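Observations on the three-dimensional arrangement
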Amino acid sequence: MSESVSDTADIISEVQKRYEEASGHTSQWRGRARDDLRFFHADAYNHAQWDDAVYQARAGTFGGSPRPCLTINKTAQHVFQVENEARQSQMGVKVNATGFGSMAETADAIEGIIRHIEYQSNAQQNAYACAIQGQVRTGLGWFHVVTDYVPGVDTFDQDFFIKSVPNGLSVYFDPAAREPDHSDQNWAMIVEEMDRGEFDKLYPGHEDVSRDPISGLQSDSEWVSDNTVRVATYYRRSEKNDTLWATPTGPMRQSEMPPELVEDFRTMKASSRPITSHMVDKYVIAGNTVVAQGETVFSLIPLIPMVGIETRATDGNDADYAGLVRALIDPQRMFNYTASAYVESVALQTKAPWLASAEAIEGYTNEWSQANTSNAAVLPYNALSEDGQPIPIPTRIEPPSGSTGHMQGMQSADQWMQMVTGQYQAEMGAPGNEKSGVAIQQRQRQSDTANYHYTDNQGMALRYLGRLLIDAIPRVYDTQRAVQSLGMDGAQTGVVIDPSMQTSAQVALPPGADGQPQQPPQGISLEKQRQIDGAILAINPTIGRFDVEADVGPAFATRKQDAFNALTQIIQAAPALMGQIGDLVFQSADFPLADEIADRLKPASDDPRLGQAQQTIQQLQAQLQQVTQQLKDKQAEQQHTVVKDAMAADTNQYKAETDRMAAIGSTDPEALRVLVHQLVSEALRNGAPPSSGTTPAVQDGPPGPLPRLPSSNPPGGEIHAANPVTGAVEA
């Protein structure tokens with residue numbers, strides 16, 4: 001903030017100048033807007049729908065008998081028709097992801113956050129309703145976006161709140177704005193009269209605010225009085241110039257870089273370009289003192305207009321704004337005048353008299369004199385004269401009729417009111433010739449089309465709001481925190497905002513049974529991951545770009561009912577589809593237990609727990625295969641060890657037997673023969689024993705030395721040991 005701007009005198013001088021500029025620019029509209037409001041609120045007591053001169057003449061102010069001055073306020077019903085239709089609509093903001101790393105899940109979460117801001121501000125019933133009233137009645141309404149600490153908790157976290165502006169005439173705005181939604185306005189202020197005691201409580205330490213008009217304003221401006229203080233909340237939008245450098249890690253603003261790094265990029269002649277950003281400063285001014293000031297988180301002026309019918313200032317004419325009331329003034333006055341004249345003409349006419357001869361009512365004068373004021377069951381009369389002649393029966397003369405010209409005038413005035421508003425009898429609730437629902441909707445759409453400019457301008461204001469909040473949300477939610485996101489159906493879900501995340505959105509799962517963080521199942525979308533019990537969405541609103549569109553269509557309950565009717569007709573035409581879309585039918589229903597029925601009819605493939613279970617099964621199967629393979633390897637290793645040990649045992653036994661045989665054979669050949677017989681018997685027992693269970697006798701060889709077998713290999717050949725065992729073979 002520059003020194004000249006921060007100077008109190010300069011700020012006050014700037015506010016004074018712009019206040020006078022805006023007052024002159026909209027002076028014509030402000031006078032007419034007050035007249036429109038008085039006309040709208042007219043009734044039998046204030047007679048505000050009558051021209052002052054006409055009313056005084058008819059009321060007998062200048063002499064003469066008073067004449068009726070009726071106020072049949074049909075204007076209010078035409079205005080309420082447009083206002084209440086807007087109130088029944090679901091006014092909101094729709095956020096779309098437009099690239100640069102943004103994700104649809106983040107856009108939906110931001111949209112839900114904005115919807116929750118509207119909910120906690122009660123914007124539908126307060127801020128938006130007041131703005132719509134100003135739009136339709138006077139041609140211009142406003143609402144106000146502020147930041148404040150989260151109420152009810154001990155925290156330094158701030159949040160957004162949408163405030164109403166009950167008196168649209170208290171806003172003074174930039175006459176240089178050219179956009180239809182005034183989003184290019186560079187300044188605006190709210191000027192309100194505040195009680196002196198209330199001011200002292202809100203702004204302690206400023207009790208010495210001058211009671212004299214601040215310099216630059218005339219003494220009759222009443223900027224400050226003894227009992228009240230005029231407080232101006234002034235917003236000013238300023239530009240900040242910067243340079244964007246192309247760095248190896250991505251574009252970077254020069255204001256965020258150290259000076260030595262900037263010099264390095266200049267030396268390397270890196271690519272750069274100038275950029276401009278906007279920030280809004282806020283000043284609270286009372287009397288001739290700036291009682292509060294500071295930089296806001298907004299880049300647009302947080303005073304948002306809802307425009308009715310705008311007439312731009314051209315050819316020396318001031319700007320003007322008009323609502324629905326302006327066009328109804330003349331036909332409404334015509335209706336009041338003809339209705340009053342009709343009543344007057346009927347009131348001046350006599351009641352229907354009786355026609356009777358004096359002889360017929362002689363003796364019954366009292367009864368017949370009260371015939372027009374009483375409800376006598378019998379009116380006696382004299383049927384015969386004194387000489388016995390019949391007397392004619394008394395008869396009643398036809399009553400006077402009202403002026404048909406006055407009735408036609410009232411009908412014409414009523415039709416003209418319908419013509420200028422586009423709201424005919426069927427739209428105002430009168431029965432028409434339409435019988436089917438489609439025909440009724442088409443008739444209603446005609447009225448919607450005639451006044452659609454109000455709806456479209458409401459959408460422009462909401463888009464302005466969306467742009468304002470999307471740009472400011474990263475500046476307010478600049479640390480990790482949990483916020484609430486509100487769905488279209490009113491369901492609230494928690495969202496974690498984490499500016500340090502590397503992605504625009506991801507799902508965080510609660511810790512598992514082991515206390516370790518769970519990983520989301522692979523291969524399923526973020527939407528299905530969010531349906532897992534305990535899952536919560538985390539977003540980084542600083543990544544990517546988002547765009548806004550306004551939603552001023554029917555309320556969610558209306559659209560839900562329309563969807564249910566359409567799906568019901570589809571099921572009636574094709575009952576087989578109930579198995580495929582039955583859950584969707586009951587999701588759109590609005591009766592108790594409909595959601596529970598929808599959950600039971602939902603296909604198992606849509607349940608995110610199925611994917612999680614399948615992944616768990618796959619993990620368990622892989623673990624089972626690993627354990628099975630390890631068991632097989634262990635068994636094979638153990639079997640190999642057993643075989644190896646058995647072979648070693650057999651080898652050792654064989655060696656022992658061989659050594660034994662060699663030892664026996666070297667000392668006693670006959671003992672060796674017995675040992676051989678024993679070994680053969682054991683070998684036969686280890687084989688297949690005979691069925692008798694007895695071991696067959698081994699045929700013994702001839703006694704004496706063993707005969708040598710014929711051989712072509714002489715003793716001492718290659719196949720013989722170097723030192724043959726004595727007694728085993730012949731030497």
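Quick summary incoming for the structure in this document.

Conventions adopted
- Residues numbered from 1 in each chain as written.
- Predicted model: local features only at pLDDT ≥ 70, side-chain atom pairs only at ≥ 80, totals over all residues.
- Heavy atoms only, no water.
- Helix = DSSP H or I, 4+ residues; strand = E, 2+ residues; numbered from the N terminus.
- Expected span 1.5 Å × (residues − 1).
- Contact = heavy atoms within 4.5 Å.
- Axes fitted to C-alpha atoms, helices over the stretch in contact; angles between N-to-C directions.
- Parallel < 35°, antiparallel > 145°, perpendicular 65-115°, else oblique.
- Left-handed = near helix turned anticlockwise from the far one by under 90°.
- Pairing = 2+ DSSP bridges.
- Core = buried A, V, L, I, M, F, W, Y, C linked by side-chain atoms within 4.5 Å.
- Buried < 20%, exposed > 50% of the residue type's maximum accessible area, 1.4 Å probe, protein only.
- Nonpolar A, V, L, I, M, F, W, Y, C, P; charged D, E, K, R; others polar.
- Lys, Arg positive; Asp, Glu negative; His and termini not counted.
- Salt bridge = Lys/Arg side-chain N within 4 Å of Asp/Glu carboxyl O.
- Polar contact = N/O pair within 3.5 Å; in protein donor to acceptor, adjacent residues only side chain to side chain.
- Phe/Tyr/Trp six-rings, centres within 6.5 Å; stacked < 30°, edge-to-face > 60°.
- Lys NZ or Arg CZ within 6 Å of the ring centre and 35° of its normal.

1. Notes on helix α3 (residues 27-40)
With 14 residues, α3 should reach 20 Å at 1.5 Å per residue; the first-to-last C-alpha distance of 20 Å fits that figure. Buried positions along α3 lie against α5 (75-88), α7 (127-137), β2 (140-149), β4 (171-173), β12 (320-322) and α10 (324-348).

2. Topic: the packing of helix α18 (residues 578-587) against helix α19 (residues 594-601)
Between α18 and α19, whose axes approach to 7 Å, the crossing angle comes to 155°. Considering their axes alone, α18 and α19 lie roughly antiparallel with respect to each other. Here α18 runs over α19; the crossing is left-handed. Contact with α18, carried on its side by M578, G582, D583, F586 and Q587, involves A594, D595, I597, A598 and L601 of α19 and no other residues of that element.

3. Section: the sheet that holds β2
Taken in spatial order, the three strands of this open sheet run β3-β2-β10, and their pairing is antiparallel. Because the sheet does not close on itself, it has two edges, and the strands there are β3 (158-164) and β10 (303-307). The sheet shows a mean angle of 25° between the axes of neighbouring strands, taken without regard to direction. Of the pairings in the sheet, the one linking β2 to β10 comprises five bridges and is antiparallel in character. Residue pairing across strands places F143 opposite I304, the latter belonging to β10. Across the sheet, α7 is in contact with β2, β3 and β10; its angle to β2 comes to roughly 160°.

4. Topic: the nonpolar core
Formed by 80 residues in total, the largest nonpolar core has its most connected members in Y128, F143, F160, L465, Y477 and I539. In contact with Y477, not counting residues within four places along its chain, are I113, I117, Q158, D159, F160, V483, I497 and P499. In terms of nonpolar packing, the next biggest core, distinct from the first, is built from 14 residues, Y19, W187, I285 and V290 among them.

5. Concerning the packing of α5 against α10
Across the interface, α5 lies against α10 with an axial gap of 10 Å and an inter-helix angle of 155°. As the angle between them shows, α5 and α10 are arranged roughly antiparallel. In the crossing of α5 with α10, the sense of the turn from one axis to the other is right-handed. Residue-level contacts link T75, H78, V79 and V82 of α5 to L324, V325, L328 and Q332 of α10. The class makeup of the residues in the contact of α5 with α10 is five nonpolar, three polar and no charged.

6. Considerations on the side chain of R481
Tracing the sequence through the fold places R481 in strand β15 (residues 481-486). One buried charged side chain, R481, makes no salt bridge at all; its nearest oppositely charged neighbour is D157, positioned 4.2 Å away.

7. Quick word on unusual backbone geometry
A positive phi angle, close to 50°, is found at H47, a residue other than glycine. Its location among the elements puts H47 in the loop between α3 and α4 (52-58). One non-glycine residue, N122, adopts positive backbone phi at about 55°. On the secondary structure map, N122 appears in the loop between α6 (104-121) and α7. By relative accessible area, which is 33% here, N122 ends up partly exposed.

8. A look at the environment of S345
Position of S345 relative to the elements: it lies in helix α10. Remark: the alpha-carbon pair of S345 and S403, spanning 58 residues in sequence, is separated by 7.1 Å. A polar atom in the side chain of S345 sits 2.8 Å from the backbone oxygen of Y342.

9. As for the packing of aromatic side chains
Tallying each qualifying case throughout the model produces 13 aromatic pairs. Taking the centre distance of 4.7 Å and the plane angle of 50° together, the rings of Y19 and Y172 count as tilted. One end of the pair, Y19, is in helix α2 (residues 8-25); the other, Y172, is in strand β4, with 153 residues separating them in the sequence. Taking relative accessible area as the criterion, Y19 reaches 12% and is therefore assigned buried. One aromatic cluster in this structure is built from W29, W142, F173 and Y321. The ring of Y172 has R30 sitting right over it, with the charged end atom 4.0 Å from the ring centre. Seen from the ring of F335, K74 lies directly overhead, with NZ or CZ sitting 5.6 Å from the centre.

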